[in-house]
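The lines below spell out each chain.
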Amino acid sequence: MRHAGYILIALLLSACGQSEQPASQMPHNQAMPFQPTGDVKHLMQWVLDPAADQVWGAAGSIITAAGTQDLTPTTDAGWLAAQHSAAVVAESGNLLLMPGLARDHNDWQDYSLGLVAAGQLAMSAAAERDAEALFDAGGQIYRVCSSCHAVYIQGEESPGIQGPEKQ
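Residues numbered from 1 in each chain as written. Predicted model: local features only at pLDDT ≥ 70, side-chain atom pairs only at ≥ 80, totals over all residues. Heavy atoms only, no water.

(A) Broad picture of the overall build of the protein. Regarding its fold elements, the protein presents five helices and two strands. Listed N to C, the secondary structure of the protein is α-α-β-β-α-α-α in terms of helices and strands. Of all 167 residues assigned to the protein, the portion counted as buried reaches 29%. Once local pairs closer than 6 in sequence are excluded, the contacts in the protein between residues at least 24 apart make up 63%. For the protein, the computed accessible surface area is about 10900 Å², with 56% contributed by carbon and sulfur atoms. (Helix = DSSP H or I, 4+ residues; strand = E, 2+ residues; numbered from the N terminus. Buried < 20%, exposed > 50% of the residue type's maximum accessible area, 1.4 Å probe, protein only. Contact = heavy atoms within 4.5 Å. Areas by Shrake-Rupley, 256 points an atom, 1.4 Å probe, with all protein chains shown as cover.)

Structure (structure tokens):
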């Protein structure tokens, strides 16, 4: 009976050490269960552009003939909306790395990861209600998008990448 207890403990401990391998550690030749529902253009138009527009719309100010309008959120809901949109921007960078959407493993990967980092900066800024940091993060999002578009959509119209100056 004593040996059965030791065997049971050994089995339990070995089972605890086993876990599913995270996707980031899976071999590159192993098939991933991704099923993109659109192409990069759809992701940009339907997901990333609206989220980036929301981040840009919550940072900085607009100067018009009527005066200066501060875009900084003034309510909990406004700051939360900016934070949620920033999370969508960050996750869009991850989506752009998916098989079927990623263009290559060089510049495309760098731009996608840059988008993740910029979105995370914006998330933190919105969570901390730091208007200046949110503005700076919005600028970083714009720089990443513009740089990527300069490489990957040469000669094509760049829908949605109007950035903060459109407002």
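(B) Local environment of the pattern of salt bridges. Taken as a whole and judged by the stated rule, the model has one salt bridge. When the shortest N-O distance is used, the salt bridge between R129 and D76 registers 2.1 Å. One end of the pair, R129, is in the loop between α4 (107–127) and α5 (131–152); the other, D76, is in helix α3 (residues 76–95), with 53 residues separating them in the sequence. For R129, a relative accessible area of 43% gives the class partly exposed. Given the relative accessible area of 55%, D76 is considered exposed. (Salt bridge = Lys/Arg side-chain N within 4 Å of Asp/Glu carboxyl O.)

(C) The arrangement of the nonpolar core in detail. Core analysis: the biggest nonpolar cluster contains 30 residues, and V55, V89, L96, L115, A122, L134 and I141 have the highest contact counts within it. Where this core is concerned, the elements lending two or more residues are α2 (40–56), α3, α4 and α5. Broken down by element, this core gets its largest block of residues, eight residues, from α2. Setting aside chain neighbours within four positions, we find L115 in contact with L48, V89, A90, S92, G93, L96, I141, V144 and C145. (Core = buried A, V, L, I, M, F, W, Y, C linked by side-chain atoms within 4.5 Å.)

(D) Representation of the packing of aromatic side chains. Taken as a whole and judged by the stated rule, the model has three aromatic pairs. Where W108 meets Y152, the ring centres are 4.9 Å apart and the plane angle is 90°; that geometry is what we call edge-to-face. Of this pair, W108 sits in helix α4 while Y152 sits in helix α5, placing them 44 residues apart in sequence. We note that W108, like Y152, is buried. (Phe/Tyr/Trp six-rings, centres within 6.5 Å; stacked < 30°, edge-to-face > 60°.)

(E) Here's a closer look at a nonpolar patch on the surface. Judged by side-chain polarity, W46, V47 and V88 come together as a nonpolar surface patch covering roughly 280 Å² of accessible area. With respect to the element layout, W46 can be found in helix α2. (Patch = residues over 30% accessible without salt bridge, like charges linked within 9 Å, V, L, I, M, F, W, Y side chains within 5 Å.)

(F) Broad picture of the packing of α4 against α5. Packing of α4 against α5 brings their axes to within 8 Å, and their N-to-C directions diverge by 165°. It follows from the interaxial angle that α4 and α5 lie roughly antiparallel. Here α4 and α5 pass one another in a crossing that is left-handed. Note on element contacts: α5 touches α4 through A133, L134, A137, Q140, I141, V144, C145, S147, C148, V151 and Y152, opposite D107, W108, Y111, G114, L115, A118, G119, L121, A122 and A125. When its residues are assigned to classes, the contact of α4 with α5 shows 16 nonpolar, four polar and one charged. (Axes fitted to C-alpha atoms, helices over the stretch in contact; angles between N-to-C directions. Parallel < 35°, antiparallel > 145°, perpendicular 65-115°, else oblique. Left-handed = near helix turned anticlockwise from the far one by under 90°. Nonpolar A, V, L, I, M, F, W, Y, C, P; charged D, E, K, R; others polar.)

(G) Broad picture of the packing of α2 against α3. Contact geometry of α2 with α3 gives a least axis separation of 8 Å together with a crossing angle of 140°. One element, α2, and the other, α3, form an angle in the oblique class. For α2 against α3, the interelement crossing comes out left-handed. Facing L43, V47, L48, A51, A52, Q54 and V55 of α2, the residues of α3 in contact are A82, S85, A86, V88, V89, S92 and L95.

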